[in-house]
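As a plain string of letters, each chain reads:
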Number of protein chains: 2
Amino acid sequence: MTAPIPPRPHVVIVGGGFGGLFAARALKRAPVDVTVIDRTNHHLFQPLLYQVATASLSPGDITAPIRWILRRQENAAVLLAEVTGLDLSRRTVRLDDEKEVSYDFLILATGARHSYFNHPEWERLAPGLKSVEDGAELRRRFLLAFEEAERSEDPARQRALLTFVIVGGGPTGVELAGALPDIARKAMVRDFRRIDTRTTRVILVEAGPRVLPAFPESLSTHALRDLEALGVEVRLGQAVTDIGADHVKVGGERIDACTVFWAAGNEASPLARLTGAELDRSGRILVRPDLSLPGHDEVFAIGDLAHVTSAGRTVPAVAPAAMQEGRSAADNIVRTLRRQERRPFRYVNKGDLATIGRHRAVADFGRLRFTGRLAWWLWLTIHIMYLIGFRNRVTVLIEWAYAYFTYQRGVRLITDPAPPAGMRA
Amino acid sequence: MTAPIPPRPHVVIVGGGFGGLFAARALKRAPVDVTVIDRTNHHLFQPLLYQVATASLSPGDITAPIRWILRRQENAAVLLAEVTGLDLSRRTVRLDDEKEVSYDFLILATGARHSYFNHPEWERLAPGLKSVEDGAELRRRFLLAFEEAERSEDPARQRALLTFVIVGGGPTGVELAGALPDIARKAMVRDFRRIDTRTTRVILVEAGPRVLPAFPESLSTHALRDLEALGVEVRLGQAVTDIGADHVKVGGERIDACTVFWAAGNEASPLARLTGAELDRSGRILVRPDLSLPGHDEVFAIGDLAHVTSAGRTVPAVAPAAMQEGRSAADNIVRTLRRQERRPFRYVNKGDLATIGRHRAVADFGRLRFTGRLAWWLWLTIHIMYLIGFRNRVTVLIEWAYAYFTYQRGVRLITDPAPPAGMRA
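All values reported here derive from a predicted model rather than from experimental measurement. (Residues numbered from 1 in each chain as written. Chains lettered and ligands numbered in written order. Predicted model: local features only at pLDDT ≥ 70, side-chain atom pairs only at ≥ 80, totals over all residues. Heavy atoms only, no water.)

## Topic: the overall build of chain A
Turning to step 1, where the next piece is worked out: Along chain A, the regular secondary structure elements total twelve helices and 27 strands.
Turning to step 2, where the next piece is worked out: Here chain A has a C-alpha radius of gyration of 22 Å; the compact-globule value for 425 residues is 22 Å, and the two agree.
Turning to step 3, where the next piece is worked out: Looking at chain A alone, contacts between residues at least 24 apart form 63% of all its contacts between residues at least 6 apart.
Turning to step 4, where the next piece is worked out: Just so you have it, chain A exposes about 17,500 Å², and 51% of that area is on carbon and sulfur atoms. (Helix = DSSP H or I, 4+ residues; strand = E, 2+ residues; numbered from the N terminus. Rg over C-alpha atoms; globule rule 2.2 N^0.38 Å. Contact = heavy atoms within 4.5 Å. Areas by Shrake-Rupley, 256 points an atom, 1.4 Å probe, with all protein chains shown as cover.)

## Description of the pairing of strand β11 (residues 163-167) of chain B
Consecutive residues of a regular strand have side chains that alternate between opposite faces of the sheet.
Residue and element names in this part refer to chain B.
Turning to step 1, where the next piece is worked out: The buried fraction of β11 amounts to five of the five residues, a majority that puts the element mostly inside the structure.
Turning to step 2, where the next piece is worked out: Of the two faces of β11, the one holding Thr-163, Val-165 and Val-167 and the one holding Phe-164 and Ile-166 are both buried throughout.
Turning to step 3, where the next piece is worked out: You can see the chain leave β11, run along helix α7 (residues 171-187) and come back into strand β12 (residues 201-206), and the turn it takes is right-handed.
Turning to step 4, where the next piece is worked out: The sheet contact formed by β11 and strand β17 (residues 259-262) spans four bridges and is parallel. Across the sheet, residue Ile-166 finds its bridge partner in β17, namely Phe-261. (Buried < 20%, exposed > 50% of the residue type's maximum accessible area, 1.4 Å probe, protein only. Right-handed = clockwise from strand over helix to strand, strands pointing away. Pairing = 2+ DSSP bridges.)

## Quick notes on unusual backbone geometry
Turning to step 1, where the next piece is worked out: For Arg-91 of chain A, which is not glycine, the phi dihedral falls at a positive 55°.
Turning to step 2, where the next piece is worked out: With respect to the helices and strands, the residue Arg-91 of chain A is situated in the loop between β6 (83-87) and β7 (92-95).
Turning to step 3, where the next piece is worked out: Residue Arg-91 of chain A is classed as buried on the basis of its relative accessible area of 12%.
Turning to step 4, where the next piece is worked out: A positive phi is found at Ala-311 of chain B, a non-glycine position, where the angle reads about 50°.
Turning to step 5, where the next piece is worked out: Within the fold, Ala-311 of chain B resides in the loop between β23 (309-310) and β24 (313-314).

## Regarding helix α8 (residues 217-229) of chain A
A turn of α-helix holds 3.6 residues, and therefore any two residues three or four places apart point the same way.
All names here are of chain A.
Turning to step 1, where the next piece is worked out: The end-to-end C-alpha distance of α8, which contains 13 residues, comes to 18 Å, matching closely the 18 Å that a straight helix rising 1.5 Å per residue would cover.
Turning to step 2, where the next piece is worked out: Taken residue by residue, α8 has Leu-219, Ser-220, His-222, Ala-223, Leu-224, Asp-226 and Leu-227 as its buried positions.
Turning to step 3, where the next piece is worked out: Considering only its buried residues, α8 is in contact with α7 (171-187), β12 (201-206), β13 (232-236), β25 (352-357), β26 (360-365) and β27 (368-371).
Turning to step 4, where the next piece is worked out: Where α8 terminates, the next one or two residues include Gly-231, which has phi positive at roughly 95°. (Expected span 1.5 Å × (residues − 1).)

## Digging into the interface of chain A and chain B
Turning to step 1, where the next piece is worked out: Facing the 63 residues of chain A at the interface are 63 residues of chain B.
Turning to step 2, where the next piece is worked out: Between chain A and chain B, roughly 5,800 Å² of surface is buried when both sides are summed, and carbon and sulfur atoms account for 53% of that area.
Turning to step 3, where the next piece is worked out: Between chain A and chain B we count eight salt bridges in total.
Turning to step 4, where the next piece is worked out: Note that Glu-399 of chain B and Arg-391 of chain A form a salt bridge whose closest N and O atoms lie 2.6 Å from each other.
Turning to step 5, where the next piece is worked out: The tally of links from chain A across to chain B stands at 30 residue pairs in polar contact (both at pLDDT 80 or more).
Turning to step 6, where the next piece is worked out: Secondary-structure elements contributing two or more residues to the side of chain A that touches chain B are β4 (63-65), α3 (66-69), β5 (76-80), α4 (122-125), α5 (132-151) and α12 (390-406) of chain A. (Buried area = accessible area lost by both parts, 1.4 Å probe. Salt bridge = Lys/Arg side-chain N within 4 Å of Asp/Glu carboxyl O. Polar contact = N/O pair within 3.5 Å; in protein donor to acceptor, adjacent residues only side chain to side chain.)

## Brief notes about the sheet that holds strand β20 (residues 292-293) of chain B
Residues and elements named next belong to chain B.
Turning to step 1, where the next piece is worked out: The mixed open sheet is built from six strands, whose spatial order is β5-β2-β1-β9-β21-β20. Each edge of the open sheet carries a strand with a single partner, namely β5 (76-80) and β20.
Turning to step 2, where the next piece is worked out: Lying over the sheet, helix α1 (residues 18-26) contacts β1 (10-14), β2 (33-38) and β9 (105-108), oriented at roughly 160° with respect to β1. (Axes fitted to C-alpha atoms, helices over the stretch in contact; angles between N-to-C directions.)

## Looking at the pattern of salt bridges
Turning to step 1, where the next piece is worked out: Under the defined criterion, the tally for this structure stands at 62 salt bridges over all chains.
Turning to step 2, where the next piece is worked out: Between Asp-87 of chain B and Arg-90 of chain B there is a salt bridge, with the nearest N and O atoms lying 3.3 Å from each other.
Turning to step 3, where the next piece is worked out: Classification of Arg-90 of chain B as partly exposed rests on a relative accessible area of 48%.
Turning to step 4, where the next piece is worked out: The partner of Arg-198 of chain B in a salt bridge is Asp-196 of chain B, with the nearest N and O atoms 3.1 Å apart.
Turning to step 5, where the next piece is worked out: Since its relative accessible area comes to 33%, Asp-196 of chain B is described here as partly exposed.
Turning to step 6, where the next piece is worked out: Three or more residues joined by partner-sharing salt bridges are found here, namely Asp-96, Asp-97 and Lys-99 of chain A together with Arg-151 of chain B.

## Overview of the confidence of the model for chain A
Any segment with low pLDDT has predicted coordinates that should not be analysed in fine detail.
Turning to step 1, where the next piece is worked out: Mean pLDDT for chain A: 94, with 97% of residues reaching 70 or above.
Turning to step 2, where the next piece is worked out: When the criterion is pLDDT under 50, residues 418-425 of chain A qualifies, and its contacts beyond four places in sequence or with other chains add up to 20 contacts. (pLDDT = per-residue confidence, 0-100.)

## As for the relation of the copies chain A and chain B
Turning to step 1, where the next piece is worked out: Overlaying chain A with chain B gives an RMSD of 0.0 Å, the required rotation being 180° about an axis along which the chain moves by 0.0 Å. Interpreted geometrically, this transformation is the action of a two-fold axis.
Turning to step 2, where the next piece is worked out: Mapped onto chain B, 100% of the interface residues of chain A are again interface residues, and the two copies thus contact each other with one and the same surface. (Least-squares fit on C-alpha atoms with pLDDT ≥ 70 in both.)

Now the structure itself:
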C-alpha cells in the first residue's frame, strides 16, 4: 500500500447484496469501522424474485433491511444513499447529496443490470427482473394480461394477451417460463368467465443451442423435456429481432404477444466504469487474483460487478460466488492489516441447482447429477436455508405450503406502478 | 319499477369493497347475472391497512383478488375497469375504455376518499390511508424519515425527521399513533448508529374534544390515557392550520415535523355526484330507507358512498354497516323480482372495537364496555375472522405472532414510489 493505514481503518462497502453483506459480516471481529452504502434499504434474495413476479411471494418475504441484518455488528453502520462518484486518488466516494465519504478500503459490490444488446428501447417493452420494483412490475403485467383478455371482445387480441414470451434460457428464464403454465392452468382457471386460461401460451426463446447453458448437457436436455411437458414452447438457437407493444419477432417469425419478459444478458452496474479500471465485454471490472483493482490494493470489486478468474476459469455470476468473494475480500483486508500476504481467491463450486416447476428441477454436484422430485425438494430446502431472517423463512415456507397443497398463488395483487400525481413527495 | 324487468336481470355492482362484495355474495342463488366492476383487481381489508403503513403486514396479506373470492359463484363475473360515467335514464355505466355496460339493477359501492377541507395542496404533504398504494406510501415515508435522520448531521433537522404528526383522532389516527412509539422504541432501537430512535415524537392532533368520538366518553378517556402511556402527545380541540414540507401549524403553534399523516375527514367517491342525487355535506348520496336512490328504484348506494339512516340515526361509516347494507340491497333486488315489498334497511350494531397498541384496546358492546388485554385479544380474533381467505388468515397470524414475541416488524421495506422511467408501459 502506498498510503499509510490509520489505526482503525474505515472500510466502505458499496452494495448490500450477497457480496457486500458477506464482506461486512466477515469483518465483524476485525479492528475496522465498516460502512455499508446501498441505494435501497434492503437486502434482496434475488434467487426467489421470480416468485414475486409470479404472485407466489410478497416482496417483504424475500427482503430484509440491511441495517436490521447488521444490527448486532457494532463496528458496522448502514447508509441509505446512492454512490454517484468515485475518487480513487483521494480515496472518497461521492453520494447523491454531494457529500463525500472517505475510505481506507473500498469494496464495490453493486451487481449488474440487464443488457438489451444495443436495444435500450426494449427495456420498456420487455422488463427484466433485478429489483423488488421489477418483481412487482412483472407481476402487474402478468396479471393485467389476463384481466385485459377478459375485458376484450376481440379473439385475436385475447390470444395475443394470453401469449407470454420469455427471452433468455438461463435459470431465471427457465424458472419464469416453468411457473406460468401451472398458474394459468390450475390457479386461475375458475376465476374468469369469458376466457379459458388453459389456452395460455408460454414461449421461451434462447439464442444459444440449449437452455441452462451453465449446466452439463444432459441436464439441459432434461430441463428442456420438463419445460415441454409443462407446455412451454421452447425456441432454441433463435434470436429476438424486434419487440413491439403487441408482438415479438423471433428469427423472422412474428409472434403476437402482449407480454414479454427479459432474462437474457447482464451488464455490470455503471459504477464499474467510474473506477477507470479495465472492463470485460459485460462491463465487469477485471480484478486481480486477490479481487483488488490493478494499481489499487485498497479497492476491491466482487460479485456480478467483477470478472473473477479462479483456477483458470471465469467464476460464474451466482450468489454463492458473490458470498465467497465477499468473504475473501474481507479476509484480504484483515491480512493486509496484519501485514500478512494476501491470498488469491479460490472459487469452491458447491453445486448448481435450477428449478423448472412442481417436482421438476435439475441438480449438478460434479459427478453427482440428478433430476426430478429429489432435486426439487433439495432446491426448496437450500433456498429456505439461505434466506436471511427467521421470519422470512417461516413466511416463505407457509406460502410454499399453500401453493403446494392448493395449487393457488397467494399474492395476486396488482398495484399501481406510480401513485396518484398528488401523492408524490 | 317503470321499465320491464327481463327474465334474467343484470345486476351491476360498482366497487369490490365490503359493501359490493357482500351484495354480490348475497345474490349467489338469485336468478340474476352479476357483474362486479372495480378499478383494482383486489378486495382490500381496510381495517388492517394501517399495519401495512407501519411495516407489520405485507399488502398481499390483506388483499385478495375479487375474481378469486367470487370464483365459485357462477352467476358472477368481475371486470377490472374504472367507471367514468353513469346514465341512469338509459341504465348504463360507462367504463374508462368508453365501452358501456347496461344494467337492470345497479349497486353503487365505491366508498370514500380523504377530505382535506378545502386544502387540496395538503394531500401531497400529508397522505391518507385508503388504498394499498397509500399503505406502501405511508410505510415509505415513515421508514425514510429514520433513514434521513441517520444521514443528517444537523440536530434540528434530525429532530424534525423524528417527529411524526397524525391528524385525526378516529380509529385510524389512534391506531397509527399507537403503533409508532413501540416501533421506534423497540423494533428499531438497535439498528441505527447516529440517532437514538427512542427520542421519536408522535403527536396526534384532533380538532374535536376527544379521541374516538364514536365511542362512549369513558372509553375515549381510557384511549387517551393509553396513548399518553405509550408516549403519544395528544392535542385535543386543536385544528391544523398549515402544513409544510418540514412543519405543521397546530392552533398557532409551529411544530417542526417532516412526516404528517392524514386521518381526518372523508369525502364520498366522485361517482356520487354523477348520479345527480341529493348529497350530504361529505358528498354522500342521501338514499331512501330501502337504500335506493330517490326516483330510481333500480339504483342502490351503500357503504361509505351513502348517507343511510336507521332508527332515526345516521349509520356510521364502518365495515360491518357496509356489509349489512350490501346484503340488504341484494335482498331488496330479490324481493322486487318476487314482487314482494321491499324492506327498509335496519342497522344492527354488533359492537365497536378499536386498538391502541399492544394489550391496549377499547370495546363497546352497548351496556358491556371493557378495555385492556381482553379487548385487545378480542380485536385480534375478530379481525382474523373477518379477513377473507384462509391464506391471509394464516399469514397475518404468523406476522402478528412474530411481532408479538420479537417486538420486531417484519415488512420494513422501502420501495420506489415509481419505477425507473424506462420501465413504464
